[in-house]
Amino acid sequence: MISIVVPVHNEEENVGPLLAELTEALPPTAQAWEVIFVDDGSTDGTFAALGRLHATHRNVRVVRLRRNFGKAAALAAGFAEASGDVIVTIDGDLQDDPAEIPRLLAKLEEGFDLVSGWKMNRQDPWTRRLPSKIFNRVTGFVSGIRLHDTNSGFKAYRPEVVRGLRLYGELHRYIPVIAHYRGFRVTELPVNHRARTHGRSRYGVERYMRGFLDLLTVTFMGRYRNRPLHLFGGLGLALLGGGTAVLAYLTVVKIGGSAIGQRPLLLLGVLLIVVGMQFLSLGLLSELITSHHEERVGDRDRAGLLVDEVLR
Ligand code: UDP
Ligand code: MG
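Numbering of residues starts from 1 in each chain and follows the order in which that chain's sequence is written. For this description, chains carry letters from A and ligands carry numbers from 1, given in the order in which they are written. In keeping with the predicted nature of the model, local features appear solely for residues at pLDDT of at least 70, side-chain atom pairs appear and are counted solely at 80 or more, and the whole-chain, interface and lining totals rest on all residues. Water and hydrogen atoms were dropped before computing side-chain values, which therefore reflect all heavy atoms in the structure.

Caption draft 1: Examining the packing of helix H9 (residues 228–255) against helix H10 (residues 264–296) more closely. Throughout, an axis means a line fitted to C-alpha atoms (over the contacting stretch in the case of helices), and angles, computed between N-to-C directions, take values from 0 to 180 degrees. For the purposes of this entry, the term helix denotes a DSSP run of H or I that reaches at least four residues, the term strand denotes a run of E that reaches at least two, and both are numbered from the N terminus. Two numbers describe how H9 lies on H10: the axes approach to 7 Å, and their chain directions differ by 160 degrees. Between H9 and H10, the crossing angle belongs to the class labelled roughly antiparallel. When the axes of H9 and H10 are compared, the crossing they make is left-handed. For this classification, under 35 degrees means roughly parallel, over 145 means roughly antiparallel, 65 to 115 means roughly perpendicular, and everything else is oblique. Left-handed describes a crossing whose near helix is turned anticlockwise from the far helix by less than a right angle; the clockwise case is right-handed.

Put into structure tokens, the structure is as follows:
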């Protein structure tokens, strides 16, 4: 079965047509599918519209969040409800074309765990497209996984990817990065994109600023979650090394008989040592937190998230 997860916030005019398009793209006779609408605290008639769809269609399920928690939370709630062998996420604003779902699924069948829709001909104003382009470049550079459209809401997943994907804040933008760090096979596929006709886009430009901070979170967690000392300790040792060299040199100068009290280098040496010590202790402290956490997680749970397949 295919589970289609649709986060919606004030999309009352879009949910009905979306369901019609889904039904056209996925004939129920070919393969079973369900659609899970997650109403992310809509203040218009979205929930009522969803209630009507639920009453008339067997394969429509609706989750209503208590208030507007944002897209990441909405997706997480939808994933928790999804029981399909394949999970598809699609925006509820009709900008993504449901007719592309079979192509996404076919790509997944080629042996991928996550196929991300790439809005190649994006139908949004340039004020949206340009920042997005920069955002994707930076994300690719920092994270090491190069996609043209990381943040696309149109994706197909194997359920394993979605399990254990702790989405909070605005981390949904980096799902491919998180999946990549967890060892899943991630790829992208160009998909058709359409202009918004009903409702309006709710994101401003400030999202890119927050997005960059989230990128730091995601790459740091992906690379150093289990070994923070390697990052902080590495930095600390480098600074300590530099500081020691500087102070050793000054010691030699002092023994040689010159005064060093007025040398700016003295300040630099001391600074390097102090900051280096701080990084080192920060690293040890993080390591302590990590090891505490590791003790709490059962061996089975931890290993379970890493295993691709087992031949018994
Ligand atoms: N959305 C949501 N919660 C929010 C904001 C948006 O569930 O707080 C949904 C929205 O209804 C749509 C999808 O997320 O289905 C994408 O939102 P939008 O079109 O505003 O973003 P854009 O496509 O412009 O990036
Ligand atoms: Mg949109």
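After presenting the structure, the write-up continues.
Caption draft 2: Fine view of the pattern of salt bridges. Whenever a carboxyl oxygen of Asp or Glu lies within 4 Å of a side-chain nitrogen of Lys or Arg, that contact is scored as a salt bridge. In this structure the tally under the stated criterion is 16 salt bridges. Across the salt bridge formed by Arg 61 and Glu 34, the nearest N and O atoms sit 2.3 Å from each other. Linking Arg 61 in strand S3 (residues 60–64) with Glu 34 in strand S2 (residues 33–39), this pair joins segments that are 27 residues apart in sequence. Given the relative accessible area of 5%, Glu 34 is considered buried. A salt bridge links Lys 107 to Glu 110, with the nearest nitrogen and oxygen atoms 3.4 Å apart. Classification of residues uses two cut-offs on accessible area relative to the type maximum, computed with a 1.4 Å probe and protein chains only: under 20% is buried, over 50% is exposed, and between them is partly exposed. Glu 110 gets classed as exposed once you look at its relative accessible area, which sits at 56%. Connected through salt bridges with shared partners, the residues Glu 11, Asp 93 and Arg 196 form a single ionic network.

Caption draft 3: Up close: the pairing of S2. Buried residues dominate S2, accounting for seven of its seven residues. On S2, burial covers both faces: Trp 33, Val 35, Phe 37 and Asp 39 on one face and Glu 34, Ile 36 and Val 38 on the other are all buried. A strand pair is defined by DSSP finding two or more bridges across the two strands. Pairing analysis gives five bridges linking S2 to S3, with the strands arranged parallel. The residue bridging Asp 39 from the neighbouring strand is Arg 64, located in S3.

Caption draft 4: View of the sheet that holds strand S5 (residues 114–119). Ordered in space as S3-S2-S1-S4-S6-S5-S7, the seven strands form an open sheet in which the pairing is mixed. Edge positions in the sheet fall to S3 and strand S7 (186–191), since each has one partner strand and no second. Taken pair by pair, the neighbouring strands of this sheet meet at an average axis angle of 20 degrees, ignoring direction. As judged from the three bridges shared by S5 and strand S6 (residues 155–157), these two strands associate in the antiparallel manner. By the bridge assignment, Val 115 is partnered in S6 with Ala 156. Any pair of residues with heavy atoms lying within 4.5 Å of one another is described as a contacting pair. Across the face of the sheet, helix H1 (residues 12–25) comes into contact with strand S1 (2–8), S2 and S3 while running at roughly 160 degrees to S2. This element, helix H4 (residues 101–109), spans S1, strand S4 (86–89), S5, S6 and S7 of the sheet and lies at about 155 degrees to S7.

Caption draft 5: A positive patch on the surface, seen in detail. Where like charges cluster on the molecular surface, the positive patch consists of Arg 129, Lys 133, Arg 137 and Arg 146. Of note, Arg 137 is situated in helix H5 (residues 126–143). For Arg 137, a relative accessible area of 61% corresponds to the exposed category. A patch consists of residues whose relative accessible area exceeds 30% and which take part in no salt bridge; residues with like charges are grouped when within 9 Å of each other, and nonpolar side chains (Val, Leu, Ile, Met, Phe, Trp, Tyr) when within 5 Å. Where accessible areas are quoted, they stem from the Shrake-Rupley method and a 1.4 Å probe; at the residue level, only the protein chains shown are allowed to cover. Residues scored as charged are limited to Lys and Arg (positive) and Asp and Glu (negative), so that His and the chain ends carry no count. Taken as the charge centre is NZ of Lys, CZ of Arg, CG of Asp or CD of Glu, depending on the residue.

Caption draft 6: View of the nonpolar core. By nonpolar core we mean a set of buried residues, namely Ala, Val, Leu, Ile, Met, Phe, Trp, Tyr and Cys, connected to one another through side-chain atoms within 4.5 Å. In terms of nonpolar packing, the biggest core is built from 32 residues, with Val 38, Phe 79 and Tyr 157 touching the most fellow members. For this core, the secondary-structure elements that each account for two or more residues are S2, helix H3 (71–81), helix H6 (159–162), helix H7 (175–181) and helix H8 (206–224). Take this core: its biggest share by element is five residues, from H3. For Val 38, the contacting residues outside a window of four places in its chain are Val 5, Val 6, Pro 7, Val 8, Val 63, Leu 65, Ala 74, Ala 77 and Gly 78. Ile 4, Phe 37, Leu 50 and Ile 90 belong to the second-largest nonpolar core, a separate cluster that totals 29 residues.

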